[in-house]
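Summary of structural features
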Amino acid sequence: MSELTPIKENGKALAESKKGELLQYLTFKLIDETYGINVMQIKEVLRYSEIAPVPGAPSYVLGIVNLRGNVVTVVDTRVRFSLPECTITDDTRIIIIEHDGEQVGLLVDAVQEVFYLYQGEIEQSPSVGNDEALMFIQGVYQKEEELVILLELNRMFERNDALGIEAMS
């Protein structure tokens, strides 16, 4: 018997598993670590473009970009996670997410792939590293030979004033 059992809810076919809900994640790199974001939180992925600095913004806020007439705050994910800064390369991307009706860009070293996993396959994150980065981690997933750190972006933006988003809107 297949592990997936199709069910219907509100006229839409869904897949349900004994391992929980089937989720889809986008992976990206920061230094040599692989991180994942639930694709339902992502609006689009952009090539790096010029970012206008905002005076008085927190150190991890690089500035703002104009995205089709909308002002988008761009966060340096490395600085936010207390990692060393890096130079911009051809692989550098800005992942646009939406949080509480605001679009926010996350600067990452490179975007890799989209993959599927079940909710039940997410393992609890170990209690190592600094508290700043740990509070953003939903869990970890062993994907073949690679460990993927799954992020909980809502925790990253729980306090908009911490990101300086309200001040820049």
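Residues numbered from 1 in each chain as written. Predicted model: local features only at pLDDT ≥ 70, side-chain atom pairs only at ≥ 80, totals over all residues. Heavy atoms only, no water.

Focus: the packing of aromatic side chains
Threshold: Note on aromatic pairs: the rings of Phe, Tyr and Trp (six-membered ring only in Trp) are paired at centre separations within 6.5 Å, and the planes decide the class, stacked below 30 degrees, edge-to-face beyond 60, tilted for the rest. Helix and strand assignments follow DSSP, with helices taken as H or I runs no shorter than four residues and strands as E runs no shorter than two, numbered in order from the N terminus. Per-residue accessibility, obtained with a 1.4 Å probe over protein chains only, is compared with the maximum for each type, and a residue is labelled buried under 20%, exposed over 50%, and partly exposed between these values.
Summed over the entire model, instances satisfying the criterion amount to 5 aromatic pairs. A centroid spacing of 5.6 Å and a plane angle of 40° characterise the contact between Tyr35 and Phe81, whose relative ring orientation is tilted. Taken together, the residues Tyr35 in strand β4 (residues 33-38) and Phe81 in the loop between α1 (77-80) and β8 (93-99) connect sequence positions 46 residues apart. Judged by its relative accessible area of 4%, Phe81 is buried. Taking the centre distance of 5.5 Å and the plane angle of 15° together, the rings of Phe115 and Tyr141 count as stacked. Of this pair, Phe115 sits in strand β10 (residues 110-118) while Tyr141 sits in strand β11 (residues 137-143), and the two are 26 residues apart along the sequence. Each member of the pair, Phe115 as well as Tyr141, carries the same accessibility label: buried.

Some words on the pairing of β4
The following threshold applies: Strand pairing requires that DSSP identify at least two bridges connecting the strands.
With respect to burial, β4 is a largely interior element, 5 of its 6 residues being buried. With 6 bridges joining them, strand β3 (residues 20-30) and β4 adopt antiparallel strand pairing. Bridge pairing links Lys29 to Thr34 in β4. Hairpin geometry of β3 and β4 is characterised by an intervening segment of 2 residues between the two adjacent antiparallel strands and by a positive phi of about 55° at Ile31. In terms of strand pairing, β4 meets strand β12 (residues 146-151) through 3 bridges, oriented parallel. Bridge pairing links Gly36 to Leu150 in β12.

Examining the side chain of Thr77
Which entries qualify depends on this criterion: Contacts described as polar in this section are N or O atom pairs within 3.5 Å, which, within protein, must combine one atom able to donate a hydrogen with one able to accept it, while residues neighboring in sequence count only if both atoms come from side chains. Pairs of residues are marked as contacts when any of their non-hydrogen atoms sit within 4.5 Å.
As for its position among the elements, Thr77 is in helix α1. Classification of Thr77 by relative accessible area gives buried; the value is 1%. One polar contact links the side chain of Thr77 to the main-chain carbonyl oxygen of Leu107, over a distance of 2.9 Å. If sequence neighbours within four positions are ignored, Thr77 has contacts with Leu30, Leu106, Leu107 and Val108.

Quick notes on the confidence of the model for the protein chain
Formally: Note: pLDDT gives the predictor's confidence per residue, expressed from 0 to 100.
In the predicted model, the protein chain carries a mean pLDDT of 82, and 76% of its residues have values of at least 70. With pLDDT under 50 throughout, residues 1-15 is counted as low confidence; its partners more than four residues away or in other chains account for 18 contacts. Across residues 165-169 the pLDDT falls below 50, and counting only partners more than four positions away or on other chains, this stretch makes 14 contacts in the model.

A look at the sheet that holds strand β6 (residues 61-67)
By way of backbone hydrogen bonds, the strands of a sheet pair with one another, either parallel or antiparallel. Counted only if it meets this: Helix axes are fitted only over the stretch in contact, all axes being lines through C-alpha atoms; the angle between N-to-C directions runs from 0 to 180 degrees.
What the 5 strands build is an open sheet, ordered β5-β8-β9-β7-β6; its pairing is mixed. Of all the strands in the sheet, the pair left with one neighbour each is β5 (42-47) and β6. Across the sheet, the mean angle from the axis of one strand to that of its neighbour is 30°, orientation sign disregarded. In this structure, β8 lies alongside strand β9 (residues 102-108), joined through 7 bridges in antiparallel fashion.

Remarks on the environment of Gln138
Topologically, Gln138 is positioned in strand β11. Sequence-wise, Gln138 and Ile37 are 101 residues apart; in three dimensions their C-alpha atoms are separated by 9.7 Å. Contacts of Gln138, omitting those with residues within four sequence positions, involve Tyr25, Gln119, Ile122, Leu150, Leu151, Glu152 and Arg155.

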